Amino acid sequence: MIINTGSRTDIPAFFSDWFYNRIKEGFVLTRNPYYPNQVLKYKINTDVVDCIVFCTKNPQPMLDRIEEISRFNQFWFVTITPYEKDIEPFVPDKNRVMDTFKQLSDIVGIKAISLRYDPIFITEKYNLEFHITEFEKICRNLNGYTDNCVISFIDLYAKTKRNFPSVREVNINEREIIEKKFSEIGRKYGIIIRTCCEGTEAAKYGIDISGCMTKEIIERAVGATLKVPKSRKSARSDCNCLLGNDIGMYNTCGHGCIYCYANYDRDIVVKNMKLHNPKSSFLIGTWEEGDIIKDAVQSSYYDGQMRLNI
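These remarks concern the structure in this document.

Conventions we followed
Residues numbered from 1 in each chain as written. Predicted model: local features only at pLDDT ≥ 70, side-chain atom pairs only at ≥ 80, totals over all residues. Heavy atoms only, no water. Helix = DSSP H or I, 4+ residues; strand = E, 2+ residues; numbered from the N terminus. Core = buried A, V, L, I, M, F, W, Y, C linked by side-chain atoms within 4.5 Å. Buried < 20%, exposed > 50% of the residue type's maximum accessible area, 1.4 Å probe, protein only. Contact = heavy atoms within 4.5 Å. Expected span 1.5 Å × (residues − 1). Arc of directions from axis to C-beta. Polar contact = N/O pair within 3.5 Å; in protein donor to acceptor, adjacent residues only side chain to side chain. Pairing = 2+ DSSP bridges.

### Notes on unusual backbone geometry
Item 1. The omega torsion of the bond from D118 to P119 falls at 0 degrees, within 30 degrees of zero and hence cis.
Item 2. Structurally, P119 can be placed in strand β6 (residues 113-120).
Item 3. Its identity as a non-glycine residue notwithstanding, C197 has a phi of 55 degrees, on the positive side.
Item 4. Along the chain, C197 turns up in the loop between β8 (192-194) and α8 (215-222).
Item 5. The phi torsion at N251 lies on the positive side, around 60 degrees, for a residue other than glycine.

In structure tokens form, the structure reads like this:
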């Protein structure tokens, strides 16, 4: 099975001590985001967990203790965008994040780490030329430390429009200019550009449109073939990704990015983060009256085949 830590919050950036405590204890309790009293207990051990997937804007807090998860297969998405504090008020300096990216790549290996450059949006300040120039700077800096980059254009979720009312969709002409230029930059630095659920037009520029966290990508990271139940794949017909079992919680990410789909507003985030206890089995808070805790159904996806050198 796949443990996912990054679709609801940024665990490496803000909750690394808690995560390492969960590794030490060997389990985690995760609330259903829509029915909070329904709680799943996930075992975290190598018998059932084939890969832990991280998605973060700041992996630095994890590095001092990363040997504690060395027995687990890992795949890391590190998001680096060129926006300033008006958009990402609490994201660390990009140059520092790129330095951490290099350290992490040296630890886990190039097959287990991918750059993310998303979401892409266009404003007068953050225009096409800006994105093309800054993307090349990032790829040049990370040359030799990753061979994959996922790009995506902003999705106008209700929370996004509420917190970023001036944002607009990236039009088709802008998308194609970015896809063409980014693909050229990727080839220059040996980086495959990928999209996920962004349509098919990018394929004509040599972009891989198969997805960002597909079975093949995870197999490459873990060095083995996997037999994945159909129920673990995305419910969206155009998505081939393995979503995994997310242990995060919405409204808990402290980066404060105004485009974020996972936070409703800053006040709720601050309130939730004050309830965080690194020693708790729950990311936020602890057991509550009425909680129903059930063991998650878990099994390894390894299919018994020899490990692959891929």
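What follows picks up the thread again.
### Thoughts on the nonpolar core
Item 1. Of all hydrophobic cores here, the largest spans 73 residues; its most connected members are F19, I69, I80 and I218.
Item 2. With residues up to four places along the chain from it excluded, the contact list for I218 reads I2, C51, V53, F75, M213, L226 and L242.

### Regarding helix α4 (residues 94-108)
Item 1. Between the first and last C-alpha of α4 there are 21 Å, a value that for 15 residues agrees with the 21 Å anticipated at 1.5 Å per step.
Item 2. Inspection of α4 places K94, V97, M98, T100, F101, L104 and S105 among the buried residues, and these make up the whole buried set. Looking straight down α4, one finds that the buried residues subtend no more than 160 degrees of arc, so they occupy a single side.
Item 3. Tucked into the core, α4 has its buried residues touching α3 (60-63), β5 (74-79), β6 and α5 (128-141).
Item 4. N-cap assignment for α4: the residue whose side-chain oxygen lies 3.0 Å from the backbone N of N95 is D93.
Item 5. Looking one or two places after α4, you find G109, whose phi comes out positive at around 95 degrees.

### A look at the sheet that holds strand β4 (residues 51-56)
Hydrogen bonding along the main chain pairs the strands of a sheet, whether they run parallel or antiparallel.
Item 1. A sheet is described by the order of its strands in space; here seven strands give the open sequence β8-β7-β6-β5-β4-β1-β9, paired in parallel fashion. At either margin of the open sheet sits one strand with a lone partner, and together these are β8 and β9 (245-246).
Item 2. For strand β1 (residues 2-4) and β9, the ladder comprises two bridges, and the chain directions are parallel. Counterpart to I3 in the pairing with β9 is N245.

### Overview of the environment of T133
Item 1. Mapped onto the elements, T133 comes out in helix α5.
Item 2. Residue T133 is classed as partly exposed on the basis of its relative accessible area, which comes to 37%.
Item 3. Spatially, the C-alpha atoms of T133 and P165 are 26 Å apart, while their sequence positions differ by 32 residues.

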